[in-house]
Amino acid sequence: MSNIEQTLSIIKPDAVERNLQEEIKKKFIENGFIIKKEKKIQISKAEAEEFYKVHETKPFYEELCNYLSSGPIVVMIIEKVNAVLENRKLMGATDPLKAEDGTIRKIYGISIDKNSVHGSDSVDNAKIEIEFFFKSWEQFFAKLLDKVYFLQSKFFSRGFWVCLFLKFEFFFVLLFYQSQINYF
Ligand code: UDP
Ligand code: MG
């Protein structure tokens, strides 16, 4: 049975700074991931602290939060069968020096702290992390807006008026004659 999952991927500041986002996205696509959503943002230190809260007791926490909020990042929802595990494999070990050949961190990572990408480490955390960056209420309103724009574009298109005319042909013709009669 196929087990399609979604996971959160972040292209970290060191990679965005070096303009590697397109190359890294290509790696995901070549490895069978579908990029479902993406946005380029910069987060505050407080947001970084919340995101990395699991690491708050670690000695590198402060530096890590400074770093993640230091510049633009690209956050993505990526999808594939067993996406969480597959993404961790494609990313490679946390320390680029220990990462396997061909992995993103091996190719692009600079050091253990500037290791170019983040990926959720479990299915449960993937859900939490996706919600962190892509709030479901925001998604709901974005979809609603899309529908409104779609209807609006239909409403104002020529096709809409032609359909309306064909449906109410008699009414329009009558209106036209009526106006002629009144006019003369
Ligand atoms: N990190 C660090 N020093 C360390 C370990 C981790 O700066 O000794 C940073 C690194 O950027 C890593 C992040 O903290 O990606 C989160 O650590 P984690 O152990 O969750 O590694 P990951 O899940 O990213 O492989
Ligand atoms: Mg982690």
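The notes below deal with the structure included here.

How each quantity is defined
- Residues numbered from 1 in each chain as written.
- Chains lettered and ligands numbered in written order.
- Predicted model: local features only at pLDDT ≥ 70, side-chain atom pairs only at ≥ 80, totals over all residues.
- Heavy atoms only, no water.
- 1 Å grid on protein atoms, 1.4 Å probe; cavity = no way out; pocket = protein on both sides within 12 Å on 5 of 7 lines; lining within 4 Å.
- Points joined across faces, edges and corners; volume = space filled by probe spheres on them.
- Helix = DSSP H or I, 4+ residues; strand = E, 2+ residues; numbered from the N terminus.
- Nonpolar A, V, L, I, M, F, W, Y, C, P; charged D, E, K, R; others polar.
- Phe/Tyr/Trp six-rings, centres within 6.5 Å; stacked < 30°, edge-to-face > 60°.
- Buried < 20%, exposed > 50% of the residue type's maximum accessible area, 1.4 Å probe, protein only.
- Lys NZ or Arg CZ within 6 Å of the ring centre and 35° of its normal.
- Arc of directions from axis to C-beta.
- Contact = heavy atoms within 4.5 Å.

## Overview of the layout of surface pockets
Point 1. Roughly 720 Å³ of internal volume is contained in the largest pocket.
Point 2. In this structure, the largest pocket is lined by 27 residues; those nearest its centre are Tyr 52, His 55, Phe 60, Leu 64 and His 118.
Point 3. Elements that contribute at least two residues to the lining of the largest pocket include exactly helix 3 (45-51), helix 4 (61-68), helix 5 (83-91), strand 4 (117-119) and helix 7 (123-133).
Point 4. When residues of the lining of the largest pocket are assigned to their parent elements, the largest contribution, four residues, is made by helix 7.
Point 5. Of the residues belonging to the lining of the largest pocket, the class tally is 10 nonpolar, seven polar and 10 charged.

## Thoughts on the packing of aromatic side chains
Point 1. This model, assessed by the stated rule, comprises six aromatic pairs.
Point 2. Between Phe 51 and Phe 133, the ring centres sit 5.3 Å apart and the planes meet at 55 degrees, which makes this aromatic pair tilted. Note that Phe 51 is positioned in helix 3 and Phe 133 in helix 7, a separation of 82 residues in sequence.
Point 3. The class for Phe 51 is buried, based on a relative accessible area of 9%.
Point 4. What links up through ring pairs into an aromatic cluster is the set Phe 51, Tyr 52, Phe 132 and Phe 133.
Point 5. The side chain of Lys 39 reaches across the aromatic face of Phe 134, ending 4.8 Å from its centre.

## Structural notes on helix 5
Point 1. Within helix 5 the residues assigned to the buried category are Ala 83, Val 84, Asn 87, Leu 90 and Met 91. Looking straight down helix 5, one finds its buried side chains confined to an arc of 130 degrees; they lie on one side. More than 90 degrees from the buried face of helix 5, the exposed residues found are Leu 85 and Lys 89.
Point 2. Structurally, helix 5 contributes buried residues whose contacts are with strand 1 (4-11), helix 2 (21-30), strand 3 (73-81), helix 6 (104-108), strand 4 and helix 7.
Point 3. In the stretch just after helix 5, Gly 92 is the one whose phi turns positive, near 90 degrees.

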